[in-house]
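A closer look at the structure
Here is what each chain is made of, one letter per residue.
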Amino acid sequence: MLFNSLEFFAFFAAVWAGYLGLGLLGRSAGMRGQNALLLLASYLFYGAWDWRFLGLIAASTLIDFSVARRIGASDDPKLRKRLLTVSVVANLGFLCFFKYMGFFADSLADLFGLVGLELPAMAWEIVLPVGISFYTFQTMSYTFDVYRRRMEPSSSLFNFALYVAFFPQLVAGPIERALRLLPQIERPRKVTWEGVGSGAWLVLSGTFKKVVVADNLSLVVVEVFNSETLPTGWEILVGCYCFAWKIYGDFSGYSDVARGIARMMGFELMLNFNLPHLSTSPADFWRRWHISLSTWLRDYLFIPLGGTRGTSLQVYRNLFVTLLLAGLWHGASWNKVLWGFFIAILVVTHRAVLPKLEKVVPATLVGRSFWWTARVVFTFHLFCVSWVIFVPTTFGYSLELFAVLGDPWEVGRSLGWIVPYCVLVIPVLIMHAFQVRSDDLECVLRWPLPLRALTYAATFFAIVLLGEDFGQPFFYFQF
Amino acid sequence: MVTEHDKPTAAASRPEFLDAQIVDEGRPVGGDGPLWRRLPWGGALALALVLVVEGLVLAPAAPFGPWDEFLVRLGDSHPLERGLTLDRLVLDRAAVDGAPGASRRPRVTLVGTSRTDAAFQPELLADEFQPPIDFYEMAHARVFPHELRSMLPEVLSTRPDLLVSVLSELEFFMPLKVVPKARGPSWSALIDFADRVGWRFLLSSRERRELLLRSAAVCLSPTYRYRSVLDKTVFGVWRRFPMGQDGSLVTRVVTWPPLIADGQPLALSPERLTELRTRLDEFYVGKARNVAVQYDQIRSLRNGEHAAIKMAMLEEVFAQVRAAGAEVLVLYGLIQPLAEPLYDRAAGQQVFDAWIERVAADPGIHYLPFEAVGEFGPNDFRDLTHVNKQGALKYTVAIMDKAARLLTPAWHEALEERIKRDG
């Protein structure tokens, strides 16, 4: 069940009505009833995609609940470490099997093929359970935090199961930490008018980003990256622009809808995107893009590897490993791994030249504005180059696209794409400008009443009139 | 209104790589101040704005400005969108004709599929033979009997004295489809349709659930209903990216499966099917594609439960039209005689005749069999199911004659006298 479907609209309306009704039962009883409803709804939501994988999420829940309880009850460091290993192996095992088995098998066969050996052909028809990349990371973060004694293990399997399966963020994030979400589950929530209003705006604006911006731009993206004929140089450039905003609209739109839905029920999920296309460097991009994943990787991979401690080479090694795995997380293909490698090069290079960059401080406001704009545009284009690696399904096609970029560029159809691209992206940039100016991502909520109402109504009509047919899946839906 | 929870910021100043601050742990959101200040006034005002705009979409727009413009921009190639736009113009005209102070003439509203649209062409008849009646044509492609149920509020808003439709078993026995850009925001029609088809059936597959929910979206938002018109006329300039190699626009067609097509197929297997098909193609040289489509349509006919559903929904339309004080006229819609061997017409017509005989027991519902309309031959049809100008003249005369008899009997008598006198 996709967020941008009328089916989900009907589902959430029913769940929300029940949730509000149960809230009238009183603080404690109401909370228990609401949690029960949310757990049932979450499993229904997940099962609507494929009921067979309910067992998988239940198994992951049971394993990590049990392991964390035993870790919490033990003071033996070796036992605690063994138990943590069980959790990691189990979760990564699920992830590797469902997401990467085919990729590993094919890569192994290709490797053996290089030396002239032929492995028996194995046809892997493994269905990727929706959201597995998200909820396995979420449950692992819980056991890590219990192991590190940052929190006590949950005493309620029920509440923990809801933490794992909470439907607003189950299938495409944000990857919530137990430290943030479990306390909200375990205490009564207050649904307020402000929460409902601001949550509804998040849902509306997130849906706009998805069905108006992302789904319309995807028409161009398909023409450039999925076409049987090679695009021209300018077409690739415009295609990259479109993909940059398409993936932003898709993913941040989904995150906003998830946050909005959760807020309408009194939950606060973490911010996942912070105007990433206004990043001034590759490092800045990773502080703004998919924040829940980047912070997860920082806390549970980068820092345990050593983080920024040690020699420069060690730091670079840590960065490379982290970003390679970040690439692999995005998909079971060499394109994604190479994309992670490319991003790592960008980040490491930026880190190396940072001391020199920090010396550039223009004296005037115009100069500072120009310098900021130049960095934003440059960073945006660096990531556009990375999309040429990321988007195609094969690296061979990426290489062909790079070859086209190396030849003289032809205009092709790109001129016809510029106008719709601008019409779709400019409103987003205008909104970004307001957000930066007011230093408030939800600045619309504080606008004067008439302007606010006009914005809400205009967004609604944009969705109704310009939204692509409901039902286009989110880019990250099956991750 | 400032909320209690931390204001997410867009600040760019951050420490090292991957060192983003995790947002504070969630805490209950609440606000200070009196309740009336905390209510979502912005949302309420936005909702009011939305309702006003949606109401304007449905309201008559004298003097026909925007919908006329849309019709011109649509051209000839978008039957569904043209139908929606022409309906708006008809409703606008009906509103103007019915304005206070305007002289009130009898009104006839025509509904049905493109066969009704093709059959009624008043411009073929000289003015002196046209009765003083206002005719409003709301018949368009794909407006099958069950869809009339959705259009009913709009049809009744023209305040007809007589409702006319050209029908046969063809309209009932074709597979039942609910086009998502359905006509008319009518909750009662949607519920009626779902009741008759069966809720379990409609909820049993993703496609059917989507159809049901899309139809509900049309009921909720008239603007959504007209998005295809607006897309092709207002937004089409920039929204449809030119994607073809030759720069041509690509229209993405969303095809939805037929909901029901059960029962016995009516298509027979004539011994010389190939020869018959060749003969049809030769007869319609230059329109082979249309013939092929209609050939398949005729051979898709089935006498199943879907036909009974369509008949029942059309009866509901007739009942409500009668309750509004209007009468109904049904004319039998012939198909190209050369194509009749393609299906068991006798069996089909038998079912239709039984139905119309029962329905026409109401003295306010009139039926004209094809024999009463005129004699038709192969040269009266432009394709397998639609009459050409020659055939349309016969239907138009029959419709106007009957309408005049019922609504302007004095004028009709005077015309008959004049015709007798002039020979």
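Structure: above.
Everything quoted here is computed from the prediction, not taken from an experiment.

Considering the packing of aromatic side chains
Residues and elements named next belong to chain A. Per the stated rule, a full pass over the model turns up 58 aromatic pairs over all chains. With a centroid separation of 5.2 Å and 85° between ring planes, the pair formed by Phe134 and Trp329 is classed as edge-to-face. Of this pair, Phe134 sits in helix α5 (residues 132-147) while Trp329 sits in helix α13 (residues 312-329), placing them 195 residues apart in sequence. We classify Phe134 as buried; its relative accessible area is 1%. Accessibility expressed as a relative area gives 3% for Trp329, which makes it buried. A ring pair is formed by Tyr248 and Phe273, whose centres lie 6.3 Å apart and whose planes are at 80°; its orientation type is edge-to-face. Taken together, the positions of Tyr248 in helix α10 (residues 233-263) and Phe273 in the loop between α10 and α11 (282-288) put the pair 25 residues apart, joining distant regions of the chain. Across the pair, exposure class does not vary: Tyr248 and Phe273 are buried alike. A cation over an aromatic ring shows up here: Lys336 above the ring of Phe390, its NZ or CZ 4.7 Å from the ring centre.

Digging into unusual backbone geometry
Residue and element names in this part refer to chain A. Non-glycine residue Arg149 carries a positive phi angle of around 60°. Here Arg149 is to be found in the loop between α5 and α6 (157-165). Taking relative accessible area as the criterion, Arg149 reaches 52% and is therefore assigned exposed. For Asp439, which is not glycine, the phi dihedral falls at a positive 55°. The residue Asp439 is located in the loop between α17 (414-438) and α18 (449-466) in this model. Accessibility expressed as a relative area gives 30% for Asp439, which makes it partly exposed.

A look at the side chain of Glu268 of chain A
Residue and element names in this part refer to chain A. Residue position: Glu268 is located in the loop between α10 and α11. Residue classification places Glu268 among the buried positions, given a relative accessible area of 11%. Here the side chain of Glu268 touches Arg263 through a polar contact of 2.8 Å, side chain to side chain.

Considerations on the sheet that holds strand β7 (residues 365-368) of chain B
All names here are of chain B. Strand order across the open sheet formed by five strands is β2-β1-β3-β6-β7, with parallel pairing between neighbours. Of all strands in the sheet, those with a lone pairing partner are β2 (134-139) and β7, marking the two edges. This sheet shows a mean twist of 20° between the axes of neighbouring strands, independent of strand direction. Sheet topology places strand β3 (residues 162-167) next to strand β6 (residues 327-332); six bridges connect them, and they run parallel. Bridged to Leu167 within β6 is Tyr332. Of the strands in this sheet, β1 (107-112) and β2 touch helix α4 (residues 79-97), which is tilted by about 155° from β2. Running at roughly 155° to β6, helix α19 (residues 389-407) makes contact with β1, β2, β3, β6 and β7 of the sheet.

About the thresholds
- Residues numbered from 1 in each chain as written.
- Chains lettered and ligands numbered in written order.
- Predicted model: local features only at pLDDT ≥ 70, side-chain atom pairs only at ≥ 80, totals over all residues.
- Heavy atoms only, no water.
- Phe/Tyr/Trp six-rings, centres within 6.5 Å; stacked < 30°, edge-to-face > 60°.
- Helix = DSSP H or I, 4+ residues; strand = E, 2+ residues; numbered from the N terminus.
- Buried < 20%, exposed > 50% of the residue type's maximum accessible area, 1.4 Å probe, protein only.
- Lys NZ or Arg CZ within 6 Å of the ring centre and 35° of its normal.
- Polar contact = N/O pair within 3.5 Å; in protein donor to acceptor, adjacent residues only side chain to side chain.
- Pairing = 2+ DSSP bridges.
- Axes fitted to C-alpha atoms, helices over the stretch in contact; angles between N-to-C directions.
- Contact = heavy atoms within 4.5 Å.

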